[in-house]
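Residue strings, one per chain:
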Amino acid sequence: MTDAEGATRALLELMARLRDPERGCPWDLAQTFKTIAPYTIEEAYEVAEAIDRGEPTQLRDELGDLLFQVVFHARMAQERGWFDFAAVATAIRDKLVRRHPHVFAADGSPASRETTAQGVLQTWEDQKALERATKGDESALADVPHALPGLTRAAKLGKRAARVGFDWSDAGQVREKVAEELAEVDAALAAASQPNAPEVVEELGDLLFALTNWSLHLKIDAEQALRAANAKFERRFRRMEALAREQGQALSTLTFGQWESLWRQAKRSEARQGG
């Protein structure tokens, strides 16, 4: 038995112990697919954060947390008689073999070798389209998860539509669409009885969707760009807080002008540090 096999078996045995009806953990026993799902999503984001930070030890630990989520779901499914962890591993292996005909030939003959990443991507997408068709949904937008973050799902929908020809021809046209949607937000606001009226919400959603499509044409990941902006805002805000404390100022008493001054100081400080 390899180290990986032994470690996997030990983890599965631990999960079974935690879910043991008589000797298990009360909290683990009380969980369901729905109650665990938010933790699964959270762990995936923590993996992404560890990657962004470039910290190998943290990445190892976060990958372990994410693996435990898979084990947890598989155990609950096994208890219901649906499938077990082995079935999960087998299903993903079979899918990857299926989607890599350029590596694994189905009939044992030499596999056709794709020589470019773009060629591999096209093979992958062609295989996914075939799988969608066998499920009875041939839409180009099939299987885009609703649980994805809004920006990520908007980007995936835009990419899927573009693959069948529904797209702008260049980034300039999308920029015009962004301006058009912004004008429609302004018009909705002017006509609405309150700023969060349904029509304003709808137009703002259209604006965000257009911005996501503009990002696609600029070859920018909108989700990553926003995460970077969030991180920058947090750094600068924390620096403002530190500056205010150094100056003996209470944040809740600051005027707009004082906030602006602190923000400029924080930006200068960040620039000096190469941020």
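S.K.: Give me the overall build of the protein chain: which residues, what numbers.
M.R.: Looking only at helices and strands, one finds 11 helices and 0 strands in the protein chain. Across its three principal axes, the protein chain shows a C-alpha extent of roughly 70 × 50 × 45 Å. Taken over 275 residues, the protein chain has a buried fraction of 23%. The long-range share in the protein chain, meaning contacts at least 24 apart out of those at least 6 apart in sequence, stands at 49%. Carbon and sulfur atoms make up 57% of the accessible area of the protein chain, which amounts to about 18,500 Å² in all.

S.K.: Can you explain the nonpolar core? Please cite residues and give values.
M.R.: Counting 9 residues, the largest nonpolar core consists of M15, F33, I36, V71, F72, A74, M76, A77 and F85. Those elements that place two or more of their residues in this core are helix 3 (33-53) and helix 4 (56-79). Per-element tally for this core: the top contributor is helix 4, with 5 residues. Leaving out residues up to four positions away in the same chain, V71 has contacts with L11, L12, M15 and F85. In terms of nonpolar packing, the next biggest core, distinct from the first, is built from 6 residues, L243, A244, L254 and A266 among them.

S.K.: Go over the side chain of Q58 with me, naming the residues and quoting the values.
M.R.: Along the chain, the position of Q58 falls in helix 4. According to the relative accessible area criterion, Q58 is buried, its value standing at 19%. Once residues within four sequence positions are removed from consideration, Q58 is found in contact with A50 and R53.

S.K.: Please set out the side chain of E181 residue by residue, giving values where relevant.
M.R.: Mapped onto the secondary structure, E181 falls in helix 8 (residues 171-191). In this view, E181 contacts E203, D206, L207 and A210; residues no more than four positions away in its chain are not counted.

S.K.: How would you sum up the packing of helix 3 against helix 4? Please name residues and give values.
M.R.: Running from N to C, helix 3 and helix 4 point in directions that differ by 160 degrees, and their axes come no closer than 8 Å. Judged by the inter-axis angle, helix 3 sits roughly antiparallel to helix 4. For helix 3 against helix 4, the interelement crossing comes out left-handed. The segment helix 3 lies against helix 4, with F33, I36, A37, Y39, T40, E43, A44, E46, V47, A50, I51 and R53 engaging Q58, L59, E62, L63, D65, L66, Q69, F72, H73, M76 and A77.

S.K.: Just give me the short version of the packing of helix 1 (residues 3-18) against helix 4, but keep the residues and values in it.
M.R.: The interhelical angle for the contact between helix 1 and helix 4, taken along N-to-C directions, is 55 degrees, at an axis separation of 10 Å. Classified by the angle between their axes, helix 1 and helix 4 sit oblique to one another. By crossing handedness, the relation of helix 1 to helix 4 is classed as right-handed. Contacts from L11, L12, L14, M15, A16 and L18 of helix 1 reach helix 4 at L67, F68, V71, F72 and R75. Within the contact of helix 1 with helix 4, the residues separate by chemical class into 10 nonpolar, no polar and 1 charged.

S.K.: Can you lay out unusual backbone geometry for me, pointing to particular residues and giving the numbers?
M.R.: For K219, which is not a glycine, the phi torsion comes out positive at approximately 60 degrees. With respect to the secondary-structure elements, K219 resides in the loop between helix 9 (198-217) and helix 10 (222-246).

What counts, and where the lines are drawn
Residues numbered from 1 in each chain as written. Predicted model: local features only at pLDDT ≥ 70, side-chain atom pairs only at ≥ 80, totals over all residues. Heavy atoms only, no water. Helix = DSSP H or I, 4+ residues; strand = E, 2+ residues; numbered from the N terminus. Buried < 20%, exposed > 50% of the residue type's maximum accessible area, 1.4 Å probe, protein only. Contact = heavy atoms within 4.5 Å. Areas by Shrake-Rupley, 256 points an atom, 1.4 Å probe, with all protein chains shown as cover. Core = buried A, V, L, I, M, F, W, Y, C linked by side-chain atoms within 4.5 Å. Axes fitted to C-alpha atoms, helices over the stretch in contact; angles between N-to-C directions. Parallel < 35°, antiparallel > 145°, perpendicular 65-115°, else oblique. Left-handed = near helix turned anticlockwise from the far one by under 90°. Nonpolar A, V, L, I, M, F, W, Y, C, P; charged D, E, K, R; others polar.

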